[in-house]
Amino acid sequence: IEKLLADTSFRAAAIEINNSDVSIFKDKRLPFDFSTIKPLPTDMLKNLEFKVNIDSILVKNGFIQYSEHNPKTDKVAIIDLPHTQVELTTIKNYDLGPTDSLRLRATTRLLDSVRISVHHRESYEDTLSGFLFSVRVSPLNLTALNQFLPEIASAKIISGKLDTLRLRANAREYIALGYISMHY
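What counts and how
- The numbers attached to residues start from 1 for each chain and follow its sequence in the written order.
- Only residues with pLDDT of 70 or above have their local features reported here, since the model is predicted, and side-chain atom pairs are shown and tallied only from 80 upward, although totals for entire chains, interfaces and linings are computed over all residues.
- Only hydrogens and water are removed before side-chain values are computed, so all heavy atoms of the structure are retained for them.
- Secondary structure elements follow DSSP: runs of H or I of four or more residues count as helices, runs of E of two or more count as strands, with numbering from the N terminus.
- A 1.4 Å probe rolled over the protein chains alone gives each residue an accessible area, and that area as a share of the maximum for its type sets the label: buried under 20%, exposed over 50%, partly exposed in between.
- Only heavy atoms enter the contact rule, under which two residues are in contact if any of them lie within 4.5 Å.
- Residues enter patches when they are more than 30% accessible in relative terms and free of salt bridges; like-charged ones are connected within 9 Å and nonpolar ones (Val, Leu, Ile, Met, Phe, Trp, Tyr) within 5 Å.
- Computed by Shrake-Rupley with a 1.4 Å probe, the accessible areas treat only the displayed protein chains as cover when residues are assessed.
- Salt bridges are defined as contacts in which a side-chain nitrogen from Lys or Arg sits within 4 Å of a carboxyl oxygen from Asp or Glu.
- Pairing of aromatic rings covers Phe, Tyr and the six-membered ring of Trp, with a centre-to-centre limit of 6.5 Å; geometry is then stacked below 30 degrees between planes, edge-to-face above 60, and tilted otherwise.
- Note on criteria: charge over ring means Lys NZ or Arg CZ within 6 Å of the ring centre, with the direction from the centre no more than 35 degrees off the ring normal.

Participant: Kindly report on the environment of Thr 8, identifying the contributing residues and their values.
Facilitator: Structurally, Thr 8 is set in the loop between helix H1 (2–6) and strand E1 (9–18). According to the relative accessible area criterion, Thr 8 is exposed, its value standing at 56%. The spacing of Thr 8 and Tyr 124 is 116 residues in sequence and 21 Å in space, taken between C-alpha atoms. Residues within four places of Thr 8 in sequence aside, it is in contact with Phe 50 and Lys 51.

Participant: Break down the environment of Tyr 179 for me, citing the residues and quoting the values.
Facilitator: As for its placement among the helices and strands, Tyr 179 is situated in strand E11 (residues 176–183). In the structure, Tyr 179 is positioned 12 residues away from Leu 167 in sequence and 5.8 Å away in space, judged by C-alpha atoms. The contacts of Tyr 179, once residues within four sequence positions are left out, are Arg 166, Leu 167 and Arg 168.

Participant: How would you summarise a nonpolar patch on the surface if you had to cite specific residues and measurements?
Facilitator: Where nonpolar side chains cluster on the molecular surface, the patch consists of Phe 25, Val 76 and Ile 78 and spans about 270 Å² of accessible area. Along the chain, Ile 78 falls in strand E4 (residues 75–92).

Participant: Go over the packing of aromatic side chains, please, and point to the residues and values.
Facilitator: Tallied over the entire structure, the rule returns one aromatic pair. Measuring from ring centre to ring centre gives 4.7 Å for Phe 32 and Phe 34, while their planes differ by 70°; the resulting arrangement is edge-to-face. Residue classification places Phe 32 among the exposed residues on the basis of a relative accessible area of 51%. Above the face of the Tyr 94 ring, Lys 51 is positioned so that its terminal group lies 5.2 Å from the ring centre.

Here it is in structure tokens:
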């Protein structure tokens with residue numbers, strides 16, 4: 001680690017992370033700052049003060065817990081996403097070519113059974129920070145969402161079944177176009 005701290009660049013063919021736990025908390029009681037535009041991942045990489053070039057980062061059997069404090073219900077909703085697999089490729093901030101894109105492919109399980117797939121591709125050279133984003137959700141009984149829906153949205157589902165949900169978006173820093181197809 002001393003070499004990494006003293007060096008001006010980091011190069012790796014692959015990084016593998018096994019059995020990781022990530023906890024994310026969003027406190028929606030705090031005011032939202034509309035004046036701040038947060039940079040997208042490729043812009044954050046390009047703004048690093050040292051050179052990075054990693055061919056791939058793999059996360060195997062990760063666990064994500066997302067918690068959100070809703071000011072309307074004054075309750076905290078907790079959503080667990082076990083069995084998370086992530087493949088992140090072309091992580092770099094120098095020697096960028098016109099076809100270089102940061103790519104993310106991830107799968108997880110909502111409520112330990114509902115499969116969610118996420119794909120993200122973001123160009124390094126697009127000055128408008130363009131990216132493609134897609135999500136696919138497998139079938140589920142919608143009443144299962146009541147494990148966290150009352151706390152997060154002040155709502156409850158009485159009945160319903162989701163056959164499939166697909167989302168696809170083509171976005172830039174200030175605009176997004178796409179579609180959502182939800183069969184229930």
